[in-house]
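Descriptive analysis of the structure
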2 protein chains.
Amino acid sequence: MRPTVHDIAAKAGVSLATVDRVLNNRPGVRNVTRDKVERAIVTLGYVRDVAAANLAKGRNYPLVFILPAGDNSFMRGLESEVRAAMARSASERTQITILPVPAFDAQALVQALSEARQRRPAGVAVVAVDAPEVAEAVMRLRDDGIAVVTLVSDLPGSGRDHFAGVDNLAAGRTAGTLMGRFTGGRAGPIAVLAGSMLVRDHRDRLEGFTTVMAEEFPACPLLPVIEGQDDPALVEKLVRALVERERDLAGIYSLGAGNRGLVAALEKTGKSKTICTIAHELTPHSRAALRSGTIDAVLNQDAGHEVRSAIRVLKAKADGLAVIEAQERIRIDIFLKDNLPIEQA
Amino acid sequence: MRPTVHDIAAKAGVSLATVDRVLNNRPGVRNVTRDKVERAIVTLGYVRDVAAANLAKGRNYPLVFILPAGDNSFMRGLESEVRAAMARSASERTQITILPVPAFDAQALVQALSEARQRRPAGVAVVAVDAPEVAEAVMRLRDDGIAVVTLVSDLPGSGRDHFAGVDNLAAGRTAGTLMGRFTGGRAGPIAVLAGSMLVRDHRDRLEGFTTVMAEEFPACPLLPVIEGQDDPALVEKLVRALVERERDLAGIYSLGAGNRGLVAALEKTGKSKTICTIAHELTPHSRAALRSGTIDAVLNQDAGHEVRSAIRVLKAKADGLAVIEAQERIRIDIFLKDNLPIEQA
DNA sequence: GAATTTCTGATGTACGTAAATCAAAAATGT
DNA sequence: ACATTTTTGATTTACGTACATCAGAAATTC
């Protein structure tokens, strides 16, 4: 049987109350006594039963998730993962509130952060827009002792406790290598399609991609970046124009959302098989396009992992506990038509 | 506040004891009363506090992990993940025993399974060798009410409760597509290096790979499969002979272990840059080879995920609970030199 | 050595559930 | 109407920890 507080008390020859004082470092214990107890804890290998402790404390964690609104499939998937986490609230002792904000809007985000602050939660997870005023708003939260985790898109310099998302520089590099190798010897320009340069994740992906392409595949020049605002209709228009303008286009790297428009444009122009296309995020649209061959590879971040990780980290930070960073790292999934996961309901 | 058993009792107008009888379906409750209680449970939205219930029950889960011995890096990594889980035993209420067995040895595995059976654990996780006598031994465990999960390599037809591992057919197909596209237009034979055809995972990978190569890249004929027994020394010898024999070799798909030997042979013959090499499992050796360019891509299964998933499933099955299969699916990681995770201690 | 301050022990309640016991009530059979 | 069986209630103990209170012991100060 694993040792309990009673065993420690017996071993150290003190009362339960004293053990409790040591364990929860309450005042009123002489150093000699404290040492005795601590030795007993070590020799018995005592570990606090967290479940029992939480039960006794009645601890719970009010959390706020700030997510971009709009019909971006990835973000809606993220939201549904948060809702799934809300369904688990009872057993995880969390109380989650979702705050929607317009996408790519720093001002609205600042407001949402301030609203979140007024709710006095234990922690806040936020899909960040990279702007100084947002960073300041995050700092204010932290000053109030509220843990903050950036989700999907990071916000360096804001003092956030943790970033729950993929290494987007690495993702961009990976896309670069895949693009270079998939297009093979075939020379020709490569187009890059982004959502907005206001968010950190898109900027990082672009940087990684351009670095690798320049260093390793100089035969494929990059065209100027196209910004599609993650809007399918706009993306479709831009891509159609692109394909007609650049007759020998070798590849397209779509590093943001709006894949519906990309796929529609490629299929309508009939060039989908000759242009190597690499996109981000596995959604019903990108999945279908992968299967049909319109898209050659999809880089994905698992929204479920990100949400669960964010919650774990927020809870730990709220309790002042350390986080095993390696364990919370979010992997970049690479999907080809061959390794698509089974569709779920 | 979330409702408790007391609230149900009050709402239903019955005593705590009756609520307990209903919740844990003990006998001695009339149907009308049972209905009243169940309605109260639904209308209040009661969910059992699992932590408190486990505390009260003093439930714990003795588990046995049967793992191949030998210096296979992947298997040693798997074992260290199991040991990490043992360190968490206290908080997870598990008691884990590791049983080592010689690799690829059906007889030894049968014996280990019977030893595991005598320990009367709640569940057993086993890296299976695909043989009828092993399947029978697994069935005997299940007859005793012991949950069985196959780990890494599956055992269809054994009635195991669950398989904690990747879809190896998909992995093989993925390797095929990568191989075909990475070698590009370049024609030339492709070699396949396996560990042993006695394990299901290797057979599945081979099948997926050959299917894709035959259907989509007929310009690259496959050479007869080489079996290296996951033994670095033997693998090195075989690969050196191979490279000298096949002067225009375009690629090597190593679907088993023993990557050390593969890398050594490729580097010594100086053909590492011209032969497209795809291997399995991220180990210190394959990681270094990826970085140096000797290996072009590594398909990986996250041993930590597999072990944690196996434990979750075993606990659930032991309690007769359902498992959300989609949630327990193990992904195939694809690593290029660009998206290697940070090395951990 | 007395007064004070600082520690320590003893004890009880609580968290939400499980499980057992025994008495009382209700339903059933004859 | 009685005995019998089945169902229900009331109450208690337990799990391992947190937290509070109060009395008493030990150490410190003067």
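Residues numbered from 1 in each chain as written. Chains lettered and ligands numbered in written order. Predicted model: local features only at pLDDT ≥ 70, side-chain atom pairs only at ≥ 80, totals over all residues. Heavy atoms only, no water.

In this section: the protein's contact with DNA strand C. Near DNA strand C you find 28 residues, and of these Thr18(A), Arg30(A), Thr33(A), Tyr46(B) and Arg48(B) are the closest. A share of 70% is what sugar and phosphate atoms reach among the atoms of DNA strand C within 4 Å of the protein. The contact in question runs from a base oxygen of DNA strand C to an N or O atom on the side chain of Arg21(A), over 3.0 Å. One of the backbone nitrogen or oxygen atoms of Asp49(B) is found 3.2 Å away from a phosphate oxygen of DNA strand C. Sorting the residues of the surface near DNA strand C by element identifies α2 (16–23) and α4 (50–57) of chain A together with α1 (5–12), α2 (16–23) and α4 (50–57) of chain B as the ones contributing at least two each. In the surface near DNA strand C, the residues fall into 11 nonpolar, 8 polar and 9 charged. (Near = heavy atom within 4 Å. Polar contact = N/O pair within 3.5 Å; in protein donor to acceptor, adjacent residues only side chain to side chain. Helix = DSSP H or I, 4+ residues; strand = E, 2+ residues; numbered from the N terminus. Nonpolar A, V, L, I, M, F, W, Y, C, P; charged D, E, K, R; others polar.)

A separate point is helix α7 (residues 106–118) of chain A. Residues and elements named next belong to chain A. With 13 residues, α7 extends 19 Å from end C-alpha to end C-alpha; this agrees with the ideal 18 Å at 1.5 Å per step. Turning to α7, its buried residues are Ala 106, Ala 108, Leu 109, Val 110, Ala 112, Leu 113 and Ala 116. Backbone nitrogen of Gln 107 and a side-chain oxygen of the N-cap are separated by 3.1 Å at the start of α7; the cap is Asp 105. At the exit of α7 stands Arg 120, carrying a positive phi of roughly 50 degrees. (Expected span 1.5 Å × (residues − 1). Buried < 20%, exposed > 50% of the residue type's maximum accessible area, 1.4 Å probe, protein only.)

Another aspect to go through is the domain arrangement of chain A. All names here are of chain A. Its domain assignment divides chain A into domain 1 (5–48), domain 2 (57–164 + 303–330) and domain 3 (168–301). Taking only C-alpha atoms into account, the centre of domain 2 sits 29 Å from that of domain 3. On the domain 3 side, the residues contacting the 15 residues of domain 2 number 15 residues. Roughly 1300 Å² is buried in total at the junction of domain 2 and domain 3, and carbon and sulfur atoms are behind 54% of that figure. Contact with domain 3 buries area across many residues of domain 2, yet Phe 74, Phe 104 and Asp 130 alone supply 42% of it, more than any other trio. (Domains from an automatic or database assignment. Contact = heavy atoms within 4.5 Å. Buried area = accessible area lost by both parts, 1.4 Å probe.)

Here we come to the protein's contact with DNA strand D. Around DNA strand D, the structure places 28 residues, and the nearest of them are Tyr46(A), Arg48(A), Thr18(B), Arg30(B) and Thr33(B). Considering DNA strand D, the proportion of its atoms within 4 Å of the protein that are sugar or phosphate atoms stands at 70%. The contact in question runs from a base nitrogen of DNA strand D to an N or O atom on the backbone of Ala52(A), over 3.3 Å. For DNA strand D, a base oxygen lies 3.2 Å from a polar atom in the backbone of Ala56(B). Taken together, the elements giving at least two residues each to the surface near DNA strand D come down to α1 (5–12), α2 and α4 of chain A together with α2 and α4 of chain B.

A few words on the relation of the copies chain B and chain A. Superposing chain B onto chain A requires a rotation of 180 degrees together with a translation of 0.1 Å along the rotation axis, leaving an RMSD of 0.1 Å. Both chain copies can therefore be described as sitting about a two-fold axis. A high fraction, 100%, of the interface residues of chain B reappear at the interface in chain A, so the copies pair face to face through one surface. (Least-squares fit on C-alpha atoms with pLDDT ≥ 70 in both.)

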